[in-house]
Amino acid sequence: MTKEMNRTRYLTLVGTIITQFALGSVYTWSLFNAQLAAKLDEPVSQVAFVFGLLSLSLAVASSMAGKLQERFGVRNVTLGAGLLLGLGFLLTAQASNLMMLYLCAGILVGFADGTGYLMTLSNCVKWFPERKGLISALAIGAYGLGSLGFKYINVLLLENTGLETTFQLWGLIAMALVLCGGMLMKDAPAQSAASQQAESRDFTLAEAMRKPQYWMLALMFLSACMSGLYVIGVAKDIGEKMVDLPVLVAANAVAVIAMANLSGRLVLGILSDKIPRIRVISLAQIITLVGMVLLLFIPLNANLFFVAVACVAFSFGGTITVYPSLVSDFFGLNNLTKNYGVIYLGFGIGSIIGSIVASLFGGFIATFNVILVLLVVALVMSLTIRMPEPKTPASAKRATKSTPRLVNMTAESV
């Protein structure tokens, strides 16, 4: 590798980390639920539904970002995502009803976040094929760290400027960071798929979807996302309503979640290089179950509440980090963009289901019970699932002929 290419890839890494830090700020959303509910005179559960919409929009945008990168390049798409992110927050500040809030904060902000998130991460990892795990952990860790950093930024802004101005300044800060990060990025060199063509475990999307293992992985992923995104989205409200914590103490849940989420991404991501990835997912499911049991069955004080949400956030962060590599283990790397793209829709669907259950059945407890059942089912699946049988040489050859020469997303992208 030439000196110039080496410099370019490290600049891309720095730009990706800056961008991921800004995009991770959306995980502070629970700080705003109560004030938005008061402003709009709507129930907190209806306002919290914004985070579910945001997550769904993020997932849909992530599955489309690869096509945008092919046409416009990573820098231009990232710059566009930054501008859309700023616009979404500026319009959110003016929202006067739930529908406008859903459109601006849920759809626009979520689409902007998702467009930048998976694409920039994937591109950065492709620049460092010899250090995929480390680079993925750095970039994904920056995304988790963004929610921690912006927790303090947004709390400070709320205390000193008010709700509308906070959204405006949040949007401007996040937009500036994404634009700066985008300017440092360049598209990674094309990677030949030749090394994968000889493998018989390389399934197209249609072939993968005919395997029961594909839908088992999809359900496990949805369960992890439903538990993680729902708890993250309403953590502050859980602390206030279930544990009777003061507002400022309950807000510390955002910081706890951010640190646990970041730790999960780093710890479980590194662990997945040392033991089978499906066992890492099983471990994450068990830790999430501990958190849900605490929330459902144990009388909570502040410390137990923080432990419970930390368990959920730790496992969620780790699962998001490990899952793309897990999907490539089962179905090959060549078609990972499509194979993981469909499963990744569970990121948004899971959060939407959590919010719908809470709205229909009266709040946190009903949703926690549904999550608990899904987690038990998912744990059984992770302990019993086996790799699909390798394809026959003839079918493997046919799949190879239909595989594009460029791999748009690596196994460590999230």
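Residues numbered from 1 in each chain as written. Predicted model: local features only at pLDDT ≥ 70, side-chain atom pairs only at ≥ 80, totals over all residues. Heavy atoms only, no water.

Under an unreviewed UniProt entry, the name given to the protein is MFS transporter, and the organism recorded is Shewanella vaxholmensis.

Helix and strand counts for the protein come out as 16 helices and 0 strands. With 414 residues in all, the protein has 58% of them scored as buried. Counted over contacts in the protein with a minimum sequence separation of 6, partners at least 24 positions apart contribute 86%. Accessible surface, the protein: about 15,800 Å² in total, of which carbon and sulfur atoms supply 68%. (Helix = DSSP H or I, 4+ residues; strand = E, 2+ residues; numbered from the N terminus. Buried < 20%, exposed > 50% of the residue type's maximum accessible area, 1.4 Å probe, protein only. Contact = heavy atoms within 4.5 Å. Areas by Shrake-Rupley, 256 points an atom, 1.4 Å probe, with all protein chains shown as cover.)

What follows covers empty space enclosed by the protein. Applying the stated criterion across every chain, the model contains 4 cavities of 30 Å³ or more. Its boundaries defined by the atoms lining it, the second largest cavity holds a volume of some 60 Å³. What lines the second largest cavity is a set of 13 residues, and nearest its centre among them are Ala224, Gln285, Thr288, Thr319 and Leu375. When its residues are assigned to classes, the lining of the second largest cavity shows 7 nonpolar, 6 polar and no charged. (1 Å grid on protein atoms, 1.4 Å probe; cavity = no way out; pocket = protein on both sides within 12 Å on 5 of 7 lines; lining within 4 Å. Points joined across faces, edges and corners; volume = space filled by probe spheres on them. Nonpolar A, V, L, I, M, F, W, Y, C, P; charged D, E, K, R; others polar.)

Residue placement: Ser57 occurs in helix α3 (residues 44-72). Each residue touching Ser57, except ones within four places of it in the same chain, is listed here: Gly106, Ile107, Gly110 and Phe111.

Here we take up the environment of Gly106. Assignment of secondary structure puts Gly106 in helix α5 (residues 98-127). In this structure Gly106 comes out as buried when scored by relative accessible area, which is 0%. Each C-alpha atom, one on Gly106 and one on Leu58, is 9.0 Å from the other, the two residues being 48 residues apart in sequence. Look past the residues within four positions of Gly106 in its chain and what remains in contact with it is Val50, Leu53, Leu54, Ser57 and Leu101.

The next point concerns helix α10 (residues 212-242). The end-to-end C-alpha distance of α10 is 39 Å, clearly below the 45 Å that 31 residues give at a rise of 1.5 Å each. Considering bend angle alone, the principal kink of α10 is centred on Val234 and spans about 65°. Burial of α10 is extensive: 24 of the 31 residues sit out of reach of the surface. (Expected span 1.5 Å × (residues − 1). Bend = angle between axes of the 7 residues up to and from the residue.)

In this section: a nonpolar patch on the surface. A cluster of nonpolar side chains, Leu90, Leu169, Leu172 and Ile173, forms an exposed patch at the surface whose accessible area comes to about 280 Å². Summarising the element assignment, Leu172 is placed in helix α7 (residues 163-183). Look at Leu172 and you get partly exposed, because its relative accessible area is 42%. (Patch = residues over 30% accessible without salt bridge, like charges linked within 9 Å, V, L, I, M, F, W, Y side chains within 5 Å. Salt bridge = Lys/Arg side-chain N within 4 Å of Asp/Glu carboxyl O.)

This part takes up the packing of aromatic side chains. Following the criterion strictly, the structure yields 22 aromatic pairs and no others. Residues Phe21 and Phe150 carry aromatic rings whose centres are separated by 5.8 Å and whose planes lie at 45° to one another, so their mutual orientation is tilted. Remark: Phe150 occurs in helix α6 (residues 132-161) and Phe21 occurs in helix α1 (residues 3-23); sequence separation between them is 129 residues. According to the relative accessible area criterion, Phe150 is buried, its value standing at 0%. On the basis of an interplanar angle of 75° and a centroid distance of 5.8 Å, the ring pair of Tyr27 and Phe51 is categorised as edge-to-face. Note that Tyr27 is positioned in the loop between α1 and α2 (33-40) and Phe51 in helix α3, a separation of 24 residues in sequence. Under the relative-accessibility criterion, Tyr27 is labelled buried at 8%. (Phe/Tyr/Trp six-rings, centres within 6.5 Å; stacked < 30°, edge-to-face > 60°.)

A side chain of one charge can pair with a side chain of the opposite charge if their charged atoms are brought near each other. Enumeration over the complete set of coordinates arrives at 4 salt bridges. When the shortest N-O distance is used, the salt bridge between Asp329 and Arg277 registers 2.9 Å. Of this pair, Asp329 sits in helix α13 (residues 302-331) while Arg277 sits in helix α12 (residues 277-297); the two residues are 52 residues apart in sequence, bridging distant segments of the chain. Exposure remark for Arg277: the relative accessible area of 17% places this residue in the buried category.

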